[in-house]
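# Chain and residue survey
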Amino acid sequence: MNKNNILKIISCSLLVLLIFLISGCSLIQQYRSSLINEIRNEYVEYEQNITVSDIEDALVVASDVAKSASIGVLVKSKSFMSGDVSGSAVILKRVENNNKTYTYTAVTNRHVSGVKSSSERYVYLGVDNNGKSIYVDAELVVYDSTYDLALLKFTTGLLLNVASINTEEPKVGSFAIAVGSPYNLEGFFNTVTVGSVSAVNRVYQDEDVNGNTVKNNFLQHDASINSGNSGGGLFDIYGRLIGINTWKIAGNLSDDYVGLNFAIPVKEVVERFKDYL
């Protein structure tokens, strides 16, 4: 084989290799472009199907559903050593009686229910058609010694809604709707605030009924709560109960802690009070 033939073979080989590399790069580029376009199209499609208006409508409906099962609690102390306590509660059970009345069971916080005091207990149901406040006698059914939970029972002729329960662990970042009556029971009855679930399975030190330190599990969220929200519900975007608001980290006056709010997971409520629900 002469020198000219060898050079021709080498030139042809290089040309074939160059064509392969160019076509290979083109295929890789096309694959990457196709993959990127697929991801982008998937995102755009999702964005087009769900609008801000859709989310707003869902939150409005969920809030209405949550409020329909939410009530206020007032505990009037008979002792001069302690004052009245107000809070919130969520209806979990309804039984129809023969006399056209209904008996309800509602969950609240133990510290709202007046466990250790000789007290008169009432639930607040809002106002009637004449604007008159509706208070109904309530009784303490049971309380949990570890978690800050208690059940109240009351009877009325009013037909009230019962909360739907979602015992599945909520996803971090999902919507959280808090319903309660902060600051002033009648003035701010069933106030709604919206935030998101910040963390799940947040273990924190708490006090049991005897004042002993225990470690309990909480949902952390940033839907605003204040004094009076205790015992009120935390709901998902479908209006289902996912927790009972109990406490928040406020710190001192000089601290800037915001949105560190905690609710007892509803599965703990169901587990502890299953014989009553």
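Values in this document were obtained by computation on a predicted structure and should not be read as measured data.

## Here we look at the sheet that holds strand β11 (residues 241-248)
Spatially, the 6 strands close up into a barrel ordered β7-β8-β9-β12-β11-β10, and their pairing is antiparallel. Mean inter-strand twist for the sheet, computed between neighbouring axes without regard to direction, equals 50°. Summarising the sheet, strand β10 (residues 233-235) and β11 pair through 3 bridges and their orientation is antiparallel. From the neighbouring strand, G233 faces β11, where its bridge partner is I244. Helix-sheet contacts for helix α2 (residues 52-68) involve β7 (175-180), β8 (191-207) and β10, and the interaxial angle to β7 is about 35°. Strand contacts of helix α4 (residues 266-273): β11 and β12 (261-265), with the helix running at about 35° to β12, the strand carrying the most contacts.

## A word on empty space enclosed by the protein
The probe, sized like a water molecule, is rolled over the atoms to show the empty space still left. Applying the stated criterion across every chain yields a total of 1 cavity of 30 Å³ or more. Roughly 80 Å³ of volume is contained in the largest cavity. E169, P170, L219, P265 and K267 are, among the 13 residues lining the largest cavity, the residues nearest its centre. If you list the elements that add at least two residues to the lining of the largest cavity, you get β8, β9 (213-221) and α4.

## With respect to the pairing of β7
Among the 6 residues that make up β7, 5 are buried, leaving the element largely enclosed by the rest of the structure. One ladder, built from 6 bridges, connects β7 with β8; its direction is antiparallel. By the bridge assignment for β8, A176 is matched with G195. Pairing geometry for β7 and β10, over 3 bridges, is antiparallel. Residue A178 lies in a different strand from β10, and its bridge partner there is L234.

## Observations regarding a nonpolar patch on the surface
Judged by side-chain polarity, I50, I55, F175, V192 and V194 come together as a nonpolar surface patch covering roughly 350 Å² of accessible area. Within the secondary structure, I55 sits in helix α2. Here I55 falls in the partly exposed class, since its relative accessible area comes to 33%.

How each quantity is defined
- Residues numbered from 1 in each chain as written.
- Predicted model: local features only at pLDDT ≥ 70, side-chain atom pairs only at ≥ 80, totals over all residues.
- Heavy atoms only, no water.
- Pairing = 2+ DSSP bridges.
- Helix = DSSP H or I, 4+ residues; strand = E, 2+ residues; numbered from the N terminus.
- Axes fitted to C-alpha atoms, helices over the stretch in contact; angles between N-to-C directions.
- Contact = heavy atoms within 4.5 Å.
- 1 Å grid on protein atoms, 1.4 Å probe; cavity = no way out; pocket = protein on both sides within 12 Å on 5 of 7 lines; lining within 4 Å.
- Points joined across faces, edges and corners; volume = space filled by probe spheres on them.
- Buried < 20%, exposed > 50% of the residue type's maximum accessible area, 1.4 Å probe, protein only.
- Patch = residues over 30% accessible without salt bridge, like charges linked within 9 Å, V, L, I, M, F, W, Y side chains within 5 Å.
- Areas by Shrake-Rupley, 256 points an atom, 1.4 Å probe, with all protein chains shown as cover.
- Salt bridge = Lys/Arg side-chain N within 4 Å of Asp/Glu carboxyl O.

These results come straight from atomic positions and should not be treated as a statement about function.
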